[in-house]
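Commentary on secondary and tertiary structure
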Amino acid sequence: MTDGEAKTERIRPQQFHETAGLEDWRVLGEGACAYFRTGSLAAGAELVRAISELHGVADGHPDVDLRFAGVTVRLITIAGDYYGLTEGDVELARQISVVARTLRLPSDPSAVQTVQVTVDALAGPEVVAFWRALLGYEDRANSPEDLIDPQRRGAPFYFQQMDAPRPQRNRVHVDVWVPYDLAEKRMAAALAVGGRLVTDAHAPSHWVLADPEGNEACVGVAGPPGRARPTP
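Thresholds applied
Position numbers for residues start from 1 in each chain and track the written sequence from start to end. For this predicted model, a pLDDT threshold of at least 70 governs which residues receive local features, and a threshold of 80 or more governs which side-chain atom pairs are given and counted, while totals over whole chains, interfaces and linings are taken from all residues. The side-chain quantities take in all heavy atoms of the structure and omit both hydrogens and water. A run of H or I in DSSP becomes a helix once it reaches four residues, and a run of E becomes a strand once it reaches two; helices and strands are each numbered from the N terminus. C-alpha atoms define the radius of gyration in this analysis, and the globule rule sets the expected value at 2.2 Å times the number of residues to the power 0.38. Summary of the burial criterion: residues with accessible area below 20% of their type's maximum are buried, those above 50% are exposed, and those between are partly exposed, where the area comes from a 1.4 Å probe applied to protein chains only. Should any heavy atoms of two residues lie within 4.5 Å, those residues are counted as being in contact. Using a 1.4 Å probe, the Shrake-Rupley method yields the accessible areas, and only the shown protein chains count as cover for residues. What counts as a salt bridge is simple: a side-chain nitrogen of Lys or Arg found within 4 Å of a carboxyl oxygen of Asp or Glu. Nonpolar core, defined: a set of buried Ala, Val, Leu, Ile, Met, Phe, Trp, Tyr and Cys residues in which side-chain atoms within 4.5 Å join the residues together. Should DSSP find at least two bridges between two strands, the strands are taken to pair. Comment: axis = line fitted to C-alpha atoms, over the contacting stretch for helices; angle = value between 0 and 180 degrees taken between N-to-C directions. The rule is short: rings of Phe, Tyr and Trp, with Trp giving its six-membered ring, pair when the centres are within 6.5 Å, and they are stacked under 30 degrees, edge-to-face over 60, tilted in between.

Focus on the overall build of the protein
Broken down by element type, the protein carries 6 helices and 15 strands. For the protein, the C-alpha radius of gyration of 19 Å lies close to 17 Å, the compact-globule estimate for 232 residues. Along the first, second and third principal axes, the C-alpha atoms of the protein reach 55 × 40 × 40 Å. Put simply, the protein has 232 residues, and 40% of those count as buried. Long-range contacts, defined here as pairs at least 24 residues apart, represent 65% of the contacts in the protein between residues at least 6 apart. Surface exposure of the protein reaches about 12,700 Å², of which carbon and sulfur atoms provide 53%.

Things to note about the pattern of salt bridges
Going through the model one piece at a time under the given rule, you end up with 11 salt bridges. A salt bridge links R74 to D63; its shortest N-O distance comes to 2.6 Å. In this pair, R74 is assigned in strand 5 (residues 70-75) and D63 in strand 4 (residues 63-66), connecting sequence segments 11 residues apart. Comparing R74 with D63 shows no difference in burial state: the two are buried.

A few points about the nonpolar core
Within the largest apolar cluster, 24 residues are counted, with the highest numbers of intra-cluster contacts made by F16, W25, F36, L47, V73 and I96. Mapped by element, the contributors of at least two residues to this core are strand 3 (31-37), helix 3 (41-52), strand 5 and helix 4 (87-102). By residue number, the principal contributor to this core is helix 4, which donates 6 residues. Not counting residues up to four positions away in its chain, the partners in contact with W25 are F16, H17, A32, C33, A34, V73, L75, A93, I96 and S97. Counting residues in each nonpolar core, the second largest holds 8 residues, with M187, W207, V219 and V221 among its members.

Describing the sheet that holds strand 11 (residues 157-161)
Here 8 strands make up an open sheet; going across it, the order is 9-10-11-8-12-15-14-13 and the pairing mixed. Of all strands in the sheet, those with a lone pairing partner are strand 9 (138-139) and strand 13 (196-199), marking the two edges. Bridging between strand 10 (residues 146-148) and strand 11 involves 2 bridges; their strand directions are antiparallel. Note that in strand 11 the partner of L147 across the bridge is F157. Packed onto the sheet, helix 5 (residues 124-135) meets strand 8 (114-121), strand 9, strand 10 and strand 11 and runs at close to 170 degrees relative to strand 11.

Side note on the packing of aromatic side chains
Within this structure, the stated rule accounts for 5 aromatic pairs. Ring plane angle 35 degrees and centroid distance 6.3 Å describe the contact between F157 and F159, whose orientation is recorded as tilted. F159 carries the same exposure label as F157, and that label is buried. Linked through ring pairs, F130, W131, Y137, F157 and F159 together constitute an aromatic cluster.

What about the sheet that holds strand 6 (residues 77-79)?
Pairing within the open sheet is antiparallel, and its 3 strands lie in the order 1-7-6. Lying at the two open borders of the sheet, with one neighbouring strand each, are strand 1 (10-11) and strand 6. Two strands pair when backbone bridges link them, and strand 1 and strand 7 (residues 82-86) are joined in this way by 2 bridges, in the antiparallel orientation. Bridged to R10 within strand 7 is T86. Sheet strands touched by helix 4: strand 1, strand 6 and strand 7. Its angle to strand 7, the strand with the most contacts, is close to 50 degrees.

Here we look at unusual backbone geometry
The omega angle of the peptide bond from A203 to P204 is 5 degrees, so this bond is cis rather than trans. Phi is positive for R104, which is not a glycine, with a value near 60 degrees. By the secondary structure assignment, R104 is in the loop between helix 4 and strand 8. When its relative accessible area of 76% is taken as the criterion, R104 is described as exposed. Of note in this structure, N142 is not a glycine but carries a positive phi near 60 degrees. With respect to the helices and strands, the residue N142 is situated in the loop between strand 9 and strand 10.

So, in structure tokens, the structure goes:
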């Protein structure tokens, strides 16, 4: 395998989490994310500048969110037929962590999350077309069921095909992607203030919760380390 091929090889979230040197990062629904506490815009800007000078940084990659208290970095490879992680993301994540340590900026994996809106639809293509036009979103690579913000700022939308009407349950819910080591704590907090567990049948991939009035939400994790991989 050549160096160029290695950088474009696709990897699963579990592989990412089990790779040494990536302890600052957590894979969520929208790629691998890290948060570095800076305490000032100046310190954050210095980190962003250093990231911009790294080998492997390209147009649109990575996504960087600079705030007064810290900097959030997201890595995801977006191609015409792929939306996920590659070996190039692993290499860049390592470099970014090294830069942050050099600048003495601590990471806080508990501070990252992504939110997705899921819509249950009977007339899938027609419903997707409406939301695509309304939001100004575009199709996610190689998927007729996912819409993403082309600026990668707004929450993605996922359209789940229904076979029959389901009037007894809500048709729109929120998916909250959290670090694999934060899911139990986040659910416990929601249950402690009146939420209830609807089902854990899909754990440890995701859990379905409901608020006191029955509005549902999913807590999801991506590729926790240490799980046995399926046999090919």
